[in-house]
Amino acid sequence: MTMWCERAVIDGEVVDGVRITASGDGLITSVERATRPADGEMRLGLVVPAFANAHSHAFHRLLRARTHADGGSFWTWRTAMYDVAGRLDPTSYRAVATAVFAEMVGAGFTAVGEFHYVHHRPDGAPYDPPHAMELALVEAADAAGVRLTLLDTCYLAASPRRPLEPQQRRFGDRDADTWLHRWYALRDVLAASGSEHVTLGAAVHSVRAVPPAAIARIGASLPDDVPLHVHLSEQPAENRASIEAFGMTPTEVLDEAGVLGRRLSVVHATHLEPTDVRRLGAAGVSVVMCPTTEADLGDGIGPARELADAGARIALGSDQHAVIDPFLEARALEHGERLAHGARGRFTPRELWDAATRGSYEAIGLRGGRLEAGMPCDLVEVDAASARTAGSDPAQVIMAATSSDVRTVVAGGRVVATGGRPLVGQPEELLMTAMEGMSRR
Ligand SMILES: [Zn+2]
């Protein structure tokens, strides 16, 4: 497959006349600059590396613009989320995830880290055959053509030393070893399934929901190359609970448990002490900021610049999917910084491209997000002449475009969206069908 791009943003720079060639196995074999188009090539306009979504809970999409009427807090929103979680089964989970992954593909994401914790039946009993909910996500990703890192999540407690509440039972496993046993069994099932799109990663839900000894056990028992994610200090109440129970901040708990390191991604990292920032930076963790969610839920603005300066790598995720839009997510990161610090350019456009592309791929254990030989051929054509983008410097178009400007999307050398429309189907139709199916049950 050969594509000729009028322009491409490569390492943050605008390059004219770029020819990208991909092999049959979906990897880029060459990137030539200053070329002229030839017959038989796919012609594209402005091309950028494809985006990865480093933090997703697909089913949260069901709450979009349905929870705003009564104010409330993160914790009241969570009650609404538990209601939805309680109504899912493998069929509806697959249907919702297909719609959400389709929306992602249409927005220019070619990879997603799904932080998945709805494992069991509502009463906590396992599905038979096992792994039904996990396989539903894999089938959804296959259908949409998005690469999936399935972050199977250990969730053991409501809060330190308090057992799961009834509505959390389907998230939970008895203890770390039970979860590990399930994780290894799932790995075998996925290997046998032959899906091209799935990588199995892992998560511990949070310091609130997984005791320190279990975090240590999991960190020591997973293969070294498996990405490990954790929600970290999203709410002040989590920090208070951690200090009360363990005498340590959540970051200190993770450090004591031996899991701070380059394979770890901490999600949100909103309410940190300066010493937490130094620890996370020195360990070289990935920090997955979810700025549109953090704004939507009133979480706060995390110290992203300080974390990056301390040595952490920045990634981005759309988390609860108030919007699914890599441009808005990147922009919200910089806008939060500007609002909090009264200064522009806290992150340069180049750094925002990097966070949304290579940084986010790296956080979910995948290669990608770069237009260079050897990388997966994942790219996005952006309309550079829309009402939003006309006249913009292409290197800075991340500060102007939205997902509405995404035209062709290529994942693994295969077109997965064209004219801004995912080939699997219209996301809105897929979603409405999924919602109607749930209301009939
Ligand atoms: Zn989350």
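See the structure printed just above.
None of the values given here were measured: they were computed from a predicted structure. (Residues numbered from 1 in each chain as written. Predicted model: local features only at pLDDT ≥ 70, side-chain atom pairs only at ≥ 80, totals over all residues. Heavy atoms only, no water.)

K.L.:
Which residues make up the sheet that holds strand β13 (residues 379-382), and what are the values?
P.N.:
Here we have eight strands laid out as an open sheet, ordered β3-β2-β1-β4-β13-β14-β15-β16, and mixed in their pairing. Each end of this open sheet is capped by a strand with a single partner; those strands are β3 (28-32) and β16 (421-422). (Pairing = 2+ DSSP bridges. Helix = DSSP H or I, 4+ residues; strand = E, 2+ residues; numbered from the N terminus.)

K.L.:
Tell me about the side chain of Asn239, and name the residues and values.
P.N.:
Within the secondary structure, Asn239 is located in helix α6 (residues 236-246). Once residues within four sequence positions are removed from consideration, Asn239 is found in contact with Ser233, Pro250 and His271. (Contact = heavy atoms within 4.5 Å.)

K.L.:
I'd love a proper account of the side chain of His57, names of residues and values included.
P.N.:
Residue placement: His57 occurs in the loop between β5 (51-56) and α1 (74-86). With relative accessibility at 2%, the residue His57 sits in the buried group. For His57, the residues in contact, after removing those within four places along its chain, are Glu114, Phe115, Tyr117, His231, Asp319 and His321. (Buried < 20%, exposed > 50% of the residue type's maximum accessible area, 1.4 Å probe, protein only.)

K.L.:
Quick rundown of the packing of aromatic side chains? Include the residues and the values.
P.N.:
Note on aromatic pairs: each is described by the distance of the centres and the angle between the planes. Evaluated as defined, the whole model comprises eleven aromatic pairs. On the numbers, 6.4 Å between centres and 70° between planes, the contact of Phe51 with Phe109 is edge-to-face. Placement of the pair is Phe51 in strand β5 and Phe109 in strand β6 (residues 109-116), with a sequence separation of 58 residues. Overall, Phe51 belongs to the buried group, its relative accessible area being 0%. Considering the side-chain rings of Phe51 and Phe327, the 5.2 Å spacing of their centres and the 70° angle between planes classify their relative orientation as edge-to-face. Taken together, the residues Phe51 in strand β5 and Phe327 in helix α11 (residues 326-341) connect sequence positions 276 residues apart. For the pair Phe51 and Phe327, a shared accessibility class is recorded, and that class is buried. (Phe/Tyr/Trp six-rings, centres within 6.5 Å; stacked < 30°, edge-to-face > 60°.)

K.L.:
Which residues make up the pairing of strand β4 (residues 42-49), and what are the values?
P.N.:
Among the eight residues in β4, six count as buried, and that is most of the element. With five bridges joining them, strand β1 (residues 2-10) and β4 adopt parallel strand pairing. Paired with Cys5 across the bridge in β4 is Leu44. Bridging between β4 and β13 involves four bridges; their strand directions are antiparallel. Bridge pairing in β13 places Pro49 opposite Leu379.

K.L.:
Summarise the pattern of salt bridges; cite the residues concerned and give the values.
P.N.:
The final tally for this structure, using the stated rule, is 26 salt bridges. Between Asp11 and Arg358 there is a salt bridge, and its shortest N-O distance comes to 2.7 Å. Linking Asp11 in the loop between β1 and β2 (13-22) with Arg358 in helix α13 (residues 358-363), this pair joins segments that are 347 residues apart in sequence. Put simply, Glu362 and Arg313 hold a salt bridge, and the shortest N to O gap is 2.3 Å. Here Glu362, found in helix α13, pairs with Arg313, found in strand β12 (residues 313-316); they are 49 residues apart in sequence, far enough to count as distant. Among the charged side chains, a network of salt bridges with common partners joins Asp11, Arg350, Asp354 and Arg358. (Salt bridge = Lys/Arg side-chain N within 4 Å of Asp/Glu carboxyl O.)

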